[in-house]
Amino acid sequence: MGHDIPRHYLIVSPSIRITKLRPTMILKLPEDLILKIFSHLGTIPDIAHASQASKDLLNCTKSPKLWMEFAIRKYGNRAAHQSIDLYKGDWKAMLQDDNKEGVHPTVERVWKSNYAYNCDDYYYVCLVTAIQFDRTKEELLVYVDARGESDLRHPQTSYLYSEVVDGREIMIEYHNRAAEFKSFLQQETAGHFKGVLSFRLGNVPTSGRKFNFLFANRDPRWSDYERITLLDIDEEKGIYENLQQMDGFKYLPKDQHPFINDTPQVERERWELHVPSSVLQSDRRRDGMRKWWL
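It should be emphasised that the depicted structure is a prediction, and the values quoted were computed from it without experimental measurement.

Caption draft 1: Representation of the overall build of the chain. The helix and strand tally for the chain stands at 10 helices and 12 strands. The 294 residues of the chain split such that 48% are buried. The contacts in the chain between residues at least 6 apart in sequence include a share of 60% that link residues at least 24 apart.

Caption draft 2: Structural context of the environment of glutamate 236. Take glutamate 236: it is sitting in the loop between strand 11 (228–232) and helix 8 (239–244). What makes glutamate 236 exposed here is its relative accessible area of 76%. Each C-alpha atom of the pair glutamate 236 and threonine 206 lies 9.7 Å from the other, and the pair is 30 residues apart in sequence.

Caption draft 3: A look at the nonpolar core. Among the nonpolar cores identified, the biggest contains 49 residues, and Val128, Ile131, Val142, Phe213, Leu230 and Leu231 are the most heavily contacted of them. In terms of residue count, the dominant contributor to this core is helix 5 (residues 64–75) (five residues). By size, the runner-up hydrophobic cluster in this structure holds seven residues, among which are Tyr123, Leu127, Val279 and Leu280.

Caption draft 4: Region of interest: the sheet that holds strand 12 (residues 249–253). The six strands are arranged 8-9-5-4-3-12 in an open sheet whose pairing can be described as antiparallel. A strand with exactly one partner marks an edge of an open sheet, and here the two such strands are strand 8 (180–183) and strand 12. Within the sheet, the average angular offset between the axes of one strand and its neighbour, ignoring direction, is 30 degrees. With nine bridges joining them, strand 5 (residues 139–147) and strand 9 (residues 192–200) adopt antiparallel strand pairing. The partner of leucine 141 across the bridge, within strand 9, is serine 198.

Definitions and limits used
Residues numbered from 1 in each chain as written. Predicted model: local features only at pLDDT ≥ 70, side-chain atom pairs only at ≥ 80, totals over all residues. Heavy atoms only, no water. Helix = DSSP H or I, 4+ residues; strand = E, 2+ residues; numbered from the N terminus. Buried < 20%, exposed > 50% of the residue type's maximum accessible area, 1.4 Å probe, protein only. Contact = heavy atoms within 4.5 Å. Core = buried A, V, L, I, M, F, W, Y, C linked by side-chain atoms within 4.5 Å. Pairing = 2+ DSSP bridges. Axes fitted to C-alpha atoms, helices over the stretch in contact; angles between N-to-C directions.

Written out as structure tokens, the structure reads:
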């Protein structure tokens with residue numbers, strides 16, 4: 001059974017606030033309930049505002065349990081507990097740092113890039129299944145699952161570039177080849193690449209820009225694969241703020257990756273949504289090249 005909280009203990013407008021008018025009545029609540037109330041405030045500034053109601057409420061904000069509840073609610077139970085050792089057990093320090101050491105802001109969804117000259121007998125596709133922002137290294141991580149014939153180009157030749165609209169003119173401000181490709185396949189197979197590309201951003205401007213991805217193209221000025229717009233960032237935001245507003249946003253521990261729960265069945269179901277069945281069901285071309293499902 002939960003506690004029945006009289007409504008005059010709280011002001012809800014538009015985010016929850018502890019009223020300054022009757023702090024003594026709030027303090028008559030059980031300690032675990034007071035901490036639960038604090039943990040549901042929207043931000044750390046909200047907690048600071050509420051703590052001004054009395055010295056006793058200020059003392060409540062010093063409880064490690066409060067900051068633990070706050071961290072679990074923001075990052076998830078598993079990610080929060082896996083990160084706490086990085087902050088020497090200090091939950092408040094984790095929140096003040098926004099857990100940069102322990103988690104990557106992540107968006108899991110599928111972007112598709114087709115090869116321009118696909119046909120049933122000659123087919124290539126790159127699926128981007130997730131993007132992450134490494135806030136400590138200032139890198140954008142792009143997770144790809146690419147399939148094709150045995151001459152499928154290596155993802156290391158992929159590019160990321162940004163563009164900004166100046167009046168009616170679109171200017172390309174930044175382009176960079178992937179710094180690294182890390183494979184998640186236990187055994188490399190011709191015609192299949194699955195892993196993560198890292199793109200170093202450094203001091204590249206991000207607000208008001210689009211960031212586009214080109215799979216396996218040696219020159220960013222042309223592409224025989226469809227361009228994918230991964231990020232379309234508002235003028236007043238950065239990459240992190242933009243990711244937080246996208247469908248599929250979550251925090252993932254740095255020691256995990258979006259492919260970690262993939263099975264052959266999960267992968268097959270993903271591809272069935274994006275590739276004609278005639279391609280999936282055919283296992284060999286007439287000229288003997290390895291066909292690209294298995």
